[in-house]
There are 2 protein chains.
Amino acid sequence: MTETHVPIPTLERLAIYLRVLLDAHEAGIQTLSSQEIEQHSGISAAQFRKDLSYFGEFGKPGVGYSVPGLIQCIERILRLDAEQPILLVGAGNIGSALVGYPNFQAHRLRIAAVFDNNFVKIGRPFGELVIQDIARIKEVNADIGARIGIIAVPAHAAQEVADLLVEAGVTGILNFAPTILRVPKHVHVRNVSFLQELAVLSYHATEDALCVNGQVTRGGKDGI
Amino acid sequence: MTETHVPIPTLERLAIYLRVLLDAHEAGIQTLSSQEIEQHSGISAAQFRKDLSYFGEFGKPGVGYSVPGLIQCIERILRLDAEQPILLVGAGNIGSALVGYPNFQAHRLRIAAVFDNNFVKIGRPFGELVIQDIARIKEVNADIGARIGIIAVPAHAAQEVADLLVEAGVTGILNFAPTILRVPKHVHVRNVSFLQELAVLSYHATEDALCVNGQVTRGGKDGI
DNA sequence: GCGAGATTGTGAACCGTTTCACAAATCGCG
DNA sequence: CGCGATTTGTGAAACGGTTCACAATCTCGC
Ligand SMILES: NC(=O)c1ccc[n+]([C@@H]2O[C@H](COP(=O)([O-])OP(=O)(O)OC[C@H]3O[C@@H](n4cnc5c(N)ncnc54)[C@H](O)[C@@H]3O)[C@@H](O)[C@H]2O)c1
Ligand SMILES: NC(=O)c1ccc[n+]([C@@H]2O[C@H](COP(=O)([O-])OP(=O)(O)OC[C@H]3O[C@@H](n4cnc5c(N)ncnc54)[C@H](O)[C@@H]3O)[C@@H](O)[C@H]2O)c1
């Protein structure tokens, strides 16, 4: 284990391992080998061990991994060992699904405040929270200290909201709007795009050959 | 352009290019160079050209790409040129956000039927649809012929629903439940996991060194 | 205490994707 | 028509992540 950059796919898988481990813990299992993790996660044992090797040594040769021990370690790595407050912007359809989602709590991710710019919505209850004015976001986060924000507003408002989130001190953004966000280098953005996912499935859903090819698509000045 | 396997990241980017092109089309722009696509998409011009090269030649040297022409080509590649019907299972929070989402329509993705197993919900309206009994899914899809299904049910029901979807003729599944699905080889699964996304952000949101390391985590029989 | 069996951690090989760099193609203009 | 400016398409190189394979480590039972 050297002090090296951790691949993002590794971090994503860490969250999967954590889920598997929590399930096992629930079931009263004390120890798991990388082989068994493979069974439950669909990720190869070698990959699992390599992933962990970025952070240290957590297993015992000949035995495997202590389930509660590894849970604690992965939680620490992912900063899920202490409560992680999150700002949600956009009290619409997506926002509504998110505030009520109980699984976040199990990972100590807590939506600590909801913001909108619609005066009709501001002040209304939203899950267990009350919708607040987006104009007050910086002020509110001075108390909360959230480092993660979720953008669930229409695409045309996303950049503006991203700027506000960054100004409020957020360094990680989960973006549901179909737009490329421009943010300072120190801010990490992850885009969630159902359309993209469905497009990939759409491509694979049909096996027929494509009708696009050289001589048809290239051509005269009427072009493609 | 040889007949080769297309990387999944390429397909994902294709959906992004399509969005950029549709925006440009909306704005009345007739032609775009790979350089300009880079500006709008955040994806490098070289990457863009390489991505397209898997499918043919679509541009004119010295000019660029015809916006409407390329839109048509990418839509054909992604099978978004004809209406793509989709089955949604789970009339809950996520399902609710999806049925009302207008952007799907712009890509000819249409949620053609919604299913649930809750007798209280079956028969109720859901968006413009009526919630149907999951038990009838195969029968219903005999008419619809959808090849894509969305799983928006609790994790413990996801595998069972996946089996039903496959039996109903679906070859692509978008899975929102936090579980690994076992499906036949010809079926493609894409998982959407907000938890995973947030975990990655959580990791990056703090720059402090980890407290995990060799001598602490490895050790005596009290172990990790 | 020791040998058999199990399992980890990791350098090295492998493989697929991204980036680079340039020849070939097209356009506009004099 | 020809030349300079522009931009494409694509082999080849660079890069980064995954897989492999094995020495090192640990447990258990005798
Ligand atoms: N609903 C879906 O299934 C779905 C799927 C994929 C992507 N998305 C994307 O997610 C985003 C949210 O979708 P939704 O369906 O929840 O939309 P929505 O219209 O239901 O909700 C958007 C909310 O954002 C608020 N808002 C608008 N501008 C704002 C601003 N400047 N500051 C603060 N709040 C503002 C609105 O008042 C509204 O409450 C959109 O970008 C959409 O494209 C949604
Ligand atoms: N809500 C969120 O923000 C969120 C976030 C991430 C992941 N998810 C995941 O998405 C999935 C759906 O979440 P949700 O919040 O919409 O849940 P939900 O409880 O609101 O809705 C689930 C729906 O599925 C139906 N259902 C249950 N078993 C079924 C079966 N066997 N066949 C058909 N229908 C069945 C239920 O009747 C219910 O209507 C869950 O797996 C959840 O973990 C949700």
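So, a few notes on the structure that sits alongside this text. (Residues numbered from 1 in each chain as written. Chains lettered and ligands numbered in written order. Predicted model: local features only at pLDDT ≥ 70, side-chain atom pairs only at ≥ 80, totals over all residues. Heavy atoms only, no water.)

**Some thoughts on the overall build of chain A**
Next up, step 1: Within chain A, the regular secondary structure consists of 10 helices and 10 strands.
Next up, step 2: Against the globule reference of 17 Å for 224 residues, chain A gives a C-alpha radius of gyration of 22 Å, more extended than a compact globule.
Next up, step 3: Expressed along its principal axes, the backbone C-alpha trace of chain A runs to roughly 65 × 60 × 35 Å.
Next up, step 4: When the accessible area of chain A is evaluated, it comes to approximately 10,800 Å², of which 51% is carbon and sulfur surface.
Next up, step 5: On chain A, the mean spot of the 19 positive side-chain charges and the mean spot of the 23 negative ones are 5 Å from each other. (Helix = DSSP H or I, 4+ residues; strand = E, 2+ residues; numbered from the N terminus. Rg over C-alpha atoms; globule rule 2.2 N^0.38 Å. Areas by Shrake-Rupley, 256 points an atom, 1.4 Å probe, with all protein chains shown as cover. Lys, Arg positive; Asp, Glu negative; His and termini not counted. Charge placed at Lys NZ, Arg CZ, Asp CG, Glu CD.)

**A short note on the protein's contact with DNA strand D**
Next up, step 1: Around DNA strand D there are 27 residues in total, and A:Arg13, A:Pro61, B:Ser34, B:Arg49 and B:Tyr65 lie nearest to it.
Next up, step 2: In DNA strand D, the atoms that sit within 4 Å of the protein are 70% sugar and phosphate, with bases accounting for the remainder.
Next up, step 3: One of the side-chain N or O atoms of A:Arg49 is found 3.5 Å from a base nitrogen in DNA strand D.
Next up, step 4: B:Gly59 places a polar main-chain atom, nitrogen or oxygen, 2.9 Å from a phosphate oxygen of DNA strand D.
Next up, step 5: Every element with two or more residues in the surface near DNA strand D is listed here: α1 (8-26) and α3 (45-53) of chain A together with α3 (45-53), β2 (59-60) and β3 (64-66) of chain B.
Next up, step 6: Among the residues forming the surface near DNA strand D, the class breakdown is 9 nonpolar, 9 polar and 9 charged. (Near = heavy atom within 4 Å. Polar contact = N/O pair within 3.5 Å; in protein donor to acceptor, adjacent residues only side chain to side chain. Nonpolar A, V, L, I, M, F, W, Y, C, P; charged D, E, K, R; others polar.)

**Examining the pairing of strand β4 (residues 84-89) of chain A**
All names here are of chain A.
Next up, step 1: Most of β4 is tucked away, with 6 of its 6 residues classed as buried.
Next up, step 2: Bridging between β4 and strand β5 (residues 109-116) involves 6 bridges; their strand directions are parallel. Paired with Val 89 across the strands is Phe 115, a residue of β5.
Next up, step 3: One ladder, built from 4 bridges, connects β4 with strand β8 (residues 148-151); its direction is parallel. If you follow Leu 87 over to β8, its bridge partner there is Gly 149. (Buried < 20%, exposed > 50% of the residue type's maximum accessible area, 1.4 Å probe, protein only. Pairing = 2+ DSSP bridges.)

**Some details on the sheet that holds strand β2 (residues 59-60) of chain A**
Adjacent strands of a sheet form backbone hydrogen bonds with each other and so pair up, either parallel or antiparallel.
Residues and elements named next belong to chain A.
Next up, step 1: Strand order across the open sheet formed by 3 strands is β1-β3-β2, with antiparallel pairing between neighbours. Edge positions in the sheet fall to β1 (31-32) and β2, since each of these pairs with one other strand and no more.
Next up, step 2: One ladder, built from 2 bridges, connects β1 with strand β3 (residues 64-66); its direction is antiparallel. Across the sheet, the residue bridging to Thr 31 is Ser 66, located in β3.

**Digging into the interface of chain B and chain A**
Next up, step 1: Taken together, the contact pairs 76 residues of chain B with 76 residues of chain A.
Next up, step 2: Both sides together, the interface formed by chain B and chain A hides about 7,300 Å², and carbon and sulfur atoms give 67% of it.
Next up, step 3: Across the pair B:Glu197 and A:Arg190 runs a salt bridge, and its minimum N-O distance is 2.5 Å.
Next up, step 4: On inspection of chain B and its partner chain A, the count reaches 18 residue pairs in polar contact (both at pLDDT 80 or more).
Next up, step 5: Top contributing element to the side of chain B that touches chain A by residue count: helix α9 (residues 194-205) of chain B, with 12 residues.
Next up, step 6: Here the side of chain B that touches chain A is built from residues that sort into 40 nonpolar, 22 polar and 14 charged. (Contact = heavy atoms within 4.5 Å. Buried area = accessible area lost by both parts, 1.4 Å probe. Salt bridge = Lys/Arg side-chain N within 4 Å of Asp/Glu carboxyl O.)

**Topic: the protein's contact with DNA strand C**
Next up, step 1: As a matter of local geometry, DNA strand C sits amid 28 residues, with A:Ser34, A:Arg49, A:Gly62, A:Tyr65 and B:Arg13 nearest to it.
Next up, step 2: Atoms of DNA strand C within 4 Å of the protein belong to the sugar or the phosphate in 69% of instances, the rest to bases.
Next up, step 3: Contact distances for DNA strand C include 2.9 Å between a phosphate oxygen and a backbone N or O atom of A:Gly59.
Next up, step 4: Residue B:Pro61 places a main-chain N or O atom 3.3 Å away from a sugar or linking oxygen belonging to DNA strand C.
Next up, step 5: The set of elements that each furnish at least two residues to the surface near DNA strand C consists of α3, β2 and β3 of chain A together with α1 (8-26) and α3 of chain B.
Next up, step 6: Of the residues belonging to the surface near DNA strand C, the class tally is 9 nonpolar, 10 polar and 9 charged.

**Looking at the site of ligand 1**
Next up, step 1: Residues in close proximity to ligand 1 total 24 residues, the closest being A:Ile94, A:Asp116, A:Lys121, A:Val153 and B:Tyr101.
Next up, step 2: Here A:Ile94 contributes a backbone N or O atom positioned 2.9 Å from an oxygen atom of ligand 1.
Next up, step 3: With respect to ligand 1, the side chain of A:Lys121 contributes an N or O atom lying 2.7 Å from an oxygen atom.
Next up, step 4: Compared with its free state, where it exposes 830 Å², ligand 1 has 86% of that area covered by protein.
Next up, step 5: Residue assignment for the shell around ligand 1 shows that the elements contributing at least two residues are α5 (93-99) and α8 (155-167) of chain A together with α5 (93-99) of chain B.
Next up, step 6: A total of 4 residues in the shell around ligand 1 trace back to one element, the largest contributor, which is α8(A).
Next up, step 7: Classifying every residue of the shell around ligand 1 by side-chain character gives 16 nonpolar, 5 polar and 3 charged.

**Digging into the side chain of B:Gln84**
Next up, step 1: Positionally, B:Gln84 belongs in strand β4 (residues 84-89).
Next up, step 2: Judged by its relative accessible area of 6%, B:Gln84 is buried.
Next up, step 3: Not counting chain neighbours up to four residues away, the residues in contact with B:Gln84 comprise A:Ser202, B:Arg79, B:Arg108, B:Leu109, B:Arg110 and B:Ile148.

**Observations regarding the site of ligand 2**
Next up, step 1: As a structural note, the neighbourhood of ligand 2 is formed by 24 residues, with A:Tyr101, B:Ile94, B:Asp116, B:Lys121 and B:Val153 the closest of them.
Next up, step 2: For ligand 2, an oxygen atom lies 2.6 Å from a polar atom in the backbone of B:Val153.
Next up, step 3: In the complex, the protein chains occlude 87% of the 830 Å² of accessible area that ligand 2 would expose alone.
Next up, step 4: Elements represented by at least two residues in the shell around ligand 2 include exactly α5 of chain A together with α5 and α8 (155-167) of chain B.
Next up, step 5: Ranked by residues supplied to the shell around ligand 2, first place goes to α8(B) with 4 residues.

**Comments concerning unusual backbone geometry**
With the exception of glycine, most residues fall at negative phi, and the peptide bonds are largely trans.
Next up, step 1: Backbone geometry places A:Arg79, a non-glycine residue, at a positive phi of 60 degrees.
Next up, step 2: Positionally, A:Arg79 belongs in the loop between α4 (67-77) and β4.
Next up, step 3: The backbone of B:Arg108 shows a phi angle near 65 degrees, a positive value even though the residue is not glycine.
Next up, step 4: As for its position among the elements, B:Arg108 is in the loop between α6 (103-106) and β5 (109-116).

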